[in-house]
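The lines below spell out each chain.
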Amino acid sequence: MNEQVFEALGIETLPARLGGNAALQARIGADSSRWSVREVGDGNLNLVFIVTGETGSAIVKQALPYVRLVGESWPLPLKRSFFEYHALKRQAARDPGMVPEIDFFDEAQAIIVMEYLTPHVILRRALIEGRQLPRIGRDLGLFCARTLFRGSDLAMPTREKKADVALFADNVELCDITENLVFSDPYFEATLNRHTTPQLDGLVEELRRDRDLKVEAQRLKHLFSAKAETLCHGDLHTGSVMVTDEDTRVIDPEFAFYGPVGFDVGMLLANFWMSYFSQEGHEAEAGRRDAMRAYLMDTVETIWDTFRAEFSALWRSERKGILYQASLFENRGDPLGAEQALTIVLDDIWREMLGFAGVEMHRRILGLAHNADFETIADPDRRAVCESKALKLGRHLAVNRERISSLADIRATAERLYRETLS
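Cut-off values and rules
- What you see as residue numbers is a count from 1 along each chain, following the sequence as written.
- Under the rules for a predicted model, residues below a pLDDT of 70 receive no local features and side-chain atom pairs below 80 are neither given nor counted, while totals for whole chains, interfaces and linings still include all residues.
- In computing side-chain values, all of the structure's heavy atoms are included and hydrogens and water are not.
- Numbered from the N terminus, helices here are DSSP runs of H or I no shorter than four residues, and strands are runs of E no shorter than two.
- Throughout, radius of gyration means the C-alpha value; the globule benchmark is 2.2 Å times the number of residues raised to the power 0.38.
- Burial classes: relative accessible area under 20% of the type maximum marks a residue as buried, over 50% as exposed, and values in between as partly exposed (1.4 Å probe, protein chains only).
- Here a residue-residue contact requires only that any non-hydrogen atoms of the pair lie within 4.5 Å.
- Positive residues here are Lys and Arg, negative ones are Asp and Glu, while His and the chain termini are left out of the count.
- To locate a charge, take NZ of a lysine, CZ of an arginine, CG of an aspartate or CD of a glutamate.
- For two strands to count as paired, DSSP must find a minimum of two bridges between them.
- To define axes, lines are fitted to C-alpha atoms, for helices over the stretch in contact only, and angles between the resulting N-to-C directions are given on a 0 to 180 degree scale.
- One speaks of a salt bridge when a side-chain nitrogen belonging to Lys or Arg is within 4 Å of a carboxyl oxygen belonging to Asp or Glu.
- For Phe, Tyr and Trp, rings pair up if their centres lie within 6.5 Å, where Trp contributes its six-membered ring, and each pair is then called stacked (planes under 30 degrees apart), edge-to-face (over 60) or tilted (otherwise).
- Buried residues of nine kinds, namely Ala, Val, Leu, Ile, Met, Phe, Trp, Tyr and Cys, make up a nonpolar core once their side-chain atoms join them within 4.5 Å.
- Polar contact is the term for a pair of N or O atoms within 3.5 Å; when the atoms are in protein, one must be able to donate a hydrogen and the other to accept it, and sequence-neighboring residues count only if both atoms are side-chain atoms.

Draft legend 1. The arrangement of the overall build of the chain in detail. Helix and strand content of the chain: 15 helices and 12 strands. Here the chain has a C-alpha radius of gyration of 22 Å; the compact-globule value for 423 residues is 22 Å, and the two agree. With respect to the three principal axes, the spread of C-alpha positions in the chain is 65 × 60 × 40 Å. Burial statistics for the chain: of 423 residues in total, 57% are counted as buried. Sequence-distant contacts, at least 24 apart, represent 74% of the contacts inside the chain between residues at least 6 apart. Charge centroids of the chain, computed over 51 positive and 65 negative side chains, lie 3 Å from each other.

Draft legend 2. Summary view of the pairing of strand β7 (residues 111-115). Most of β7 sits inside the fold, with five of its five residues counted as buried. Of the strand pairs in this sheet, strand β3 (residues 57-63) and β7 are connected by five bridges, and their pairing is antiparallel. Each bridged residue has a counterpart across the sheet, and for Gln 62 the counterpart in β7 is Ile 111. Judged from the four bridges that link them, strand β6 (residues 102-106) and β7 form a sheet pairing that is antiparallel. Residue pairing across strands places Phe 105 opposite Ile 112, the latter belonging to β7. The antiparallel pairing of β6 with β7 creates a hairpin that spans four residues between the two strands, and Ala 110 there sits at a positive phi of about 55 degrees.

Draft legend 3. Representation of the side chain of Ser 312. Following the sequence through the fold, Ser 312 ends up in helix α11 (residues 290-318). Residue Ser 312 is classed as buried on the basis of its relative accessible area of 8%. For Ser 312, the residues in contact, after removing those within four places along its chain, are Leu 342 and Leu 346.

Draft legend 4. Structural detail: the environment of Arg 209. Relative to the helices and strands, Arg 209 resides in the loop between α8 (201-208) and α9 (211-226). A relative accessible area of 58% places Arg 209 in the exposed class. Sequence separation between Arg 209 and Phe 188 is 21 residues; the distance between their C-alpha atoms is 8.8 Å.

Draft legend 5. Representation of the environment of Arg 34 within the structure. As for its position among the elements, Arg 34 is in the loop between α2 (22-28) and β1 (36-39). We classify Arg 34 as exposed; its relative accessible area is 52%. With 19 residues separating them in the primary sequence, Arg 34 and Gly 53 have C-alpha atoms 6.1 Å apart. Beyond its immediate sequence surroundings of up to four residues, Arg 34 is in contact with Thr 52, Gly 53 and Glu 54.

Draft legend 6. Structural detail: the sheet that holds β3. Reading across from one edge, β1-β2-β3-β7-β6 is the order of the five strands in this open sheet, with antiparallel pairing throughout. Taken across any chain shown, the strands that pair with only one partner, and hence form the sheet edges, are β1 and β6. The average undirected angle you get between the axes of adjacent strands in this sheet is 20 degrees. Pairing between β1 and strand β2 (residues 46-52): four bridges, direction antiparallel. Residue pairing in the sheet places Glu 39 in a bridge with Phe 49 of β2. Sitting on the sheet, helix α3 (residues 80-94) is in contact with β2, β3, β6 and β7, with an inclination near 155 degrees to β6.

Draft legend 7. Local environment of the pattern of salt bridges. A complete count under the given rule lists 42 salt bridges for this structure. Linking Glu 205 and Arg 209 is a salt bridge whose minimum nitrogen-to-oxygen distance equals 3.6 Å. We classify Glu 205 as partly exposed; its relative accessible area is 35%. Shared partners join several salt bridges into a network, and the residues in it are Lys 61, Arg 80, Glu 84, Asp 252 and Glu 254.

Draft legend 8. Region of interest: the packing of aromatic side chains. In total, this model carries 17 aromatic pairs according to the counting rule given. Judged by centre distance (4.6 Å) and plane angle (10 degrees), the rings of Tyr 85 and Phe 105 are stacked. Pair noted here: Tyr 85 is in helix α3 and Phe 105 is in strand β6, with a separation of 20 residues, a long-range link. Plain terms: the ring middles of Trp 315 and Tyr 324 are 5.2 Å apart, the flat faces sit at 40 degrees to each other, and that makes the pair tilted. For Tyr 324, a relative accessible area of 32% corresponds to the partly exposed category. Members of the aromatic cluster, joined through ring pairs, are Phe 149, Trp 304, Phe 307, Phe 311 and Trp 350.

Draft legend 9. Seen up close, the nonpolar core. Ranked by size, the top nonpolar core spans 105 residues in total, and within it Phe 272, Trp 273, Phe 307 and Phe 311 carry the most contacts. A total of 15 residues in this core trace back to one element, the largest contributor, which is helix α12 (residues 335-366). Among all residues touching Phe 307, those that are not within four sequence positions of it are Gly 141, Cys 144, Ala 145, Leu 148, Val 261, Val 265, Leu 346 and Ile 349. Formed by 15 residues, the second largest nonpolar core is a distinct cluster that contains Leu 9, Leu 18, Trp 35 and Phe 49.

Draft legend 10. Structural detail: the side chain of Lys 61. Tracing the backbone through its elements, the reader meets Lys 61 in strand β3. For Lys 61, a relative accessible area of 5% gives the class buried. Polar contacts involving the side chain of Lys 61 include one to the side chain of Asp 252, which spans 2.7 Å. Those residues within four positions of Lys 61 in sequence are excluded, and the remaining contacts are Asn 46, Leu 47, Val 48, Glu 84, Ala 110, Ile 111, Ile 112, Met 114, Asp 252 and Glu 254.

Draft legend 11. Quick peek at helix α7 (residues 172-181). Those residues of α7 not exposed but buried are Leu 174, Cys 175, Ile 177, Thr 178, Glu 179 and Leu 181. Close packing links the buried residues of α7 with β5 (71-75), α3, α9, β12 (257-259), α10 (261-282) and α12.

Below, the structure is given as structure tokens:
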């Protein structure tokens, strides 16, 4: 039997190639001659199309056999769509309603057909515009707690968990991207690095000479590669969340892997802290976005407080796995023992979360894949001022994570950094 040859979709070819797809027909209409196709993929890796028919719209996403941001010189396997599909199915079961509905998956062509989220917008864009979304803190805190707890040995049957670890262990190439672009490349003169130059040159050189920082980055890389606690989204940031005032959805888990519980939470909170510092570059005059900055810090606190509360509730009600069994604690009349263990587990997550947040802030400013929070600040001098503050907070989080006791401490440090160079 001949292996099916991969062929990239295009605006013109999509209706002909997918016109007979029953799942797509059911969502948008059977007459493919009346479909309209618009490409909207602005990410680093994939093709994304909105396909509209007589009865609705859908998203068609296709992986490419290379990193789109770089080109064919950086090949990448199509199997990442397999991991995205399986991650979405697990996330949908573990926190229903928080990811798009999946209609169809073609492994050979690396195609996923899914629900078109409308009138949703990318959360990062909303924050750049200064919008204050009322639900995101609680929704994202619950999503992290439910998916990370329920994907771990705290909740899953051990055979099922080990089979899942084996399945996602093959997502080697995307883990390799994270292992290099997040934990190593920002701290030396890697070929694909870039930063705002010459404005940040001095600070970048200082960070690259910082032995404590580099050691912590490698300790965190060690955790990332060796601590297979739970199924992580793997790329959870404000560009992977779509929102309205009433709804929050998480998308794009193609970097999914089994790793530390604190990884997703740290990557997510880092993006809110970066948004905090970027607001200065988007305001028409100094102080105009003070309320937005306060909102972002409040949202960080809501995410973490919600995560802790829900994780704790799941610990008490769904701890059925092989770790911290009730047979050792509650069933023997020792509920305080389980609570002591919970405190220790949450403390470990806290410290690891801070470290992952710190290196994420560095890689988004010094590495290959930057984010729009800073990139859309046109004036390089103004952009560099915002980025320098984020870099300094990132260093503080990574290096001092064992000694940081609260989000209030981090908020005070961020506010001090914001005021420090405020012109």
